[in-house]
Amino acid sequence: MTHSLASTAAKEQPSMALPSQLQRIAAPSPGSRGAVPESKVHSLAAIWARKYVVAVTSKETTEQLKTSDNLAAINSKEGRTLTASKLLKQLTLASAQAWSTTETLLSEEMERHDIDPSLIDPWQISADAHNLFKKSLDAYAERITPRRLSVVVGNDFGRVRRKYTAQDPRAIGFVSMQFHYTGKMLLEKLPPTERSLLEPYFKVMDDHMYMPLRDAYRAAAEHDLGSPVLEAVQALLPVSTKIAHAVCSQVGRSNPGYESYSGLLNSSSVRVSSVRDVEMFQVYLCLCILEDSIRSVQQELFPLCVMLYPRLNVSWKLVQDMLQTLGWEMHDRLTPDHLALFLPYLRTLTEMFSVEVFQN
């Protein structure tokens, strides 16, 4: 996932510590809060949605799209309707296969972490997944853009997320994995051109299920316009994907040959998940400064990672390296004032996910 500043970056940076000008950490401030127009929630959602204007597929896939002889037919209203119809017919089977994979990975974790089995209802999870995949496929058929879809389905995903995190936030691990593998299996049934067109839509779903985006939007609505905290979040979100790609690239260079459950770290499929995870950590950082609290990390992110990462063969050293590299990337792309708001929480994350914590 990331690289170590003690290795390659050490040649360019003085030490693993952050730059001296950043040692002066301002105490995290929630900014001034009060009644705010609902439009601010939509504004933050729009910032996140703009990410999907740029294709999330690889350069190689983009070239395939450009040279595809039947791209116009596949991308037409009729072609998209055909693709959506084809996948809807396979959705039930893909969902069943996805649950089998999820259960294989996490059944032991349910017992090990003492998660109440009654909170993990595969029939209900599959029903929710079916409903949201149908909405996304209908949007694809209607030529609604991924950017627009991100705004349209936000509330639906927020409700599903809250439904499963209300009693035990760790339940979202089963749900998000079910969504991820369902989408992965559906995409595998498509030829490259169709897959490339549909991938951004499934990324929207992955993002909203793995990340507390609606919680961040709601927390942002508690801040007045011009709040330093709100401005810091508005500065980070538009560059979060570029930061994630930069972090993952450095990680791949520093960890050649590293293999996770899904394959080599530098493979395209693992790269997509790794980028999403680095974006996820950034969204949690945004939620932390918006709420002026580490609550979301303690209750959701940390337990989720403790449950999932060992099963996915993601080492804590890799996570620690990712967080250190993330700090450098944020340092390069944010103003010192904005960065100072994130630093206390970034340091807390680094301490929580330190190798020492998991030694025993």
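For the structure itself, consult the block above.
The model shown is predicted, which means the values in this text are computed figures rather than measured ones. (Residues numbered from 1 in each chain as written. Predicted model: local features only at pLDDT ≥ 70, side-chain atom pairs only at ≥ 80, totals over all residues. Heavy atoms only, no water.)

**Observations regarding the pattern of salt bridges**
To keep things clear, this is the line we draw: Salt bridges are defined by distance alone: a side-chain nitrogen of Lys or Arg within 4 Å of a carboxyl oxygen of Asp or Glu. Runs of H or I in DSSP of at least four residues are treated as helices and runs of E of at least two as strands, each being numbered from the N terminus. Only protein chains enter the calculation, and the probe is 1.4 Å; a residue is then buried if its accessible area is under 20% of its type maximum, exposed if over 50%, and partly exposed in between.
For the structure shown, the criterion picks out 18 salt bridges. Note that K86 and E194 form a salt bridge whose closest N and O atoms lie 3.3 Å from each other. Here the residue K86 occupies a position in helix α4 (residues 77–112), and E194 occupies one in helix α9 (residues 192–210), the gap between them amounting to 108 residues. Owing to a relative accessible area of 31%, K86 belongs among the partly exposed residues under this scheme.

**Side note on helix α5 (residues 122–141)**
As a reminder of what qualifies: Multiplying 1.5 Å by the residue count of a helix minus one yields the expected span of that helix. Note on contacts: a residue pair is in contact if any heavy atoms of the two residues lie within 4.5 Å. Side-chain atoms alone can form a polar contact between residues adjacent in sequence; in general such a contact is a pair of N or O atoms within 3.5 Å, and within protein one must be able to donate a hydrogen while the other accepts it.
An ideal rise of 1.5 Å per residue puts 28 Å on 20 residues; α5 measures up with 28 Å between its terminal C-alpha atoms. Of the positions making up α5, those classed as buried are I125, S126, D128, A129, L132, F133, S136, L137, A139, Y140 and A141. Against α3 (71–75), α4, α6 (146–152), α7 (154–165), α8 (171–188) and α9 lie the buried residues of α5. You can read the cap of α5 off the contacts: a side-chain oxygen lies 3.0 Å from the backbone nitrogen of W123, and it is on D121. Once α5 ends, the next one or two residues include R143, with phi positive near 65°.

**Describing the packing of aromatic side chains**
Test applied: Here a Phe, Tyr or Trp ring, Trp counted by its six-membered ring, pairs with any other such ring whose centre lies within 6.5 Å, and the pair is stacked when the planes are under 30 degrees apart, edge-to-face when over 60, and tilted otherwise. In this scheme, Lys NZ or Arg CZ marks a charge over a ring once it lies within 6 Å of the ring centre and within 35 degrees of the ring normal.
The final tally for this structure, using the stated rule, is ten aromatic pairs. With centroids separated by 6.1 Å and ring planes inclined at 55°, the aromatic side chains of Y309 and W316 adopt a geometry described as tilted. Assessed through its relative accessible area of 3%, Y309 is described here as buried. Taking relative accessible area as the criterion, W316 reaches 14% and is therefore assigned buried. A centroid spacing of 6.0 Å and a plane angle of 35° characterise the contact between W316 and F353, whose relative ring orientation is tilted. Highlighted residues: W316 in helix α15 (residues 316–333) and F353 in the segment after α16 (336–352), separated in sequence by 37 residues. Grouped by ring-pair contacts, the aromatic residues F281, F302, Y309, W316, F353 and F358 constitute a single cluster. Directly above the ring of Y140 sits R80, whose terminal nitrogen or CZ lies 4.2 Å from the centroid. Just above the ring of Y210 sits the side chain of R276; from NZ or CZ to the centre is 3.8 Å.

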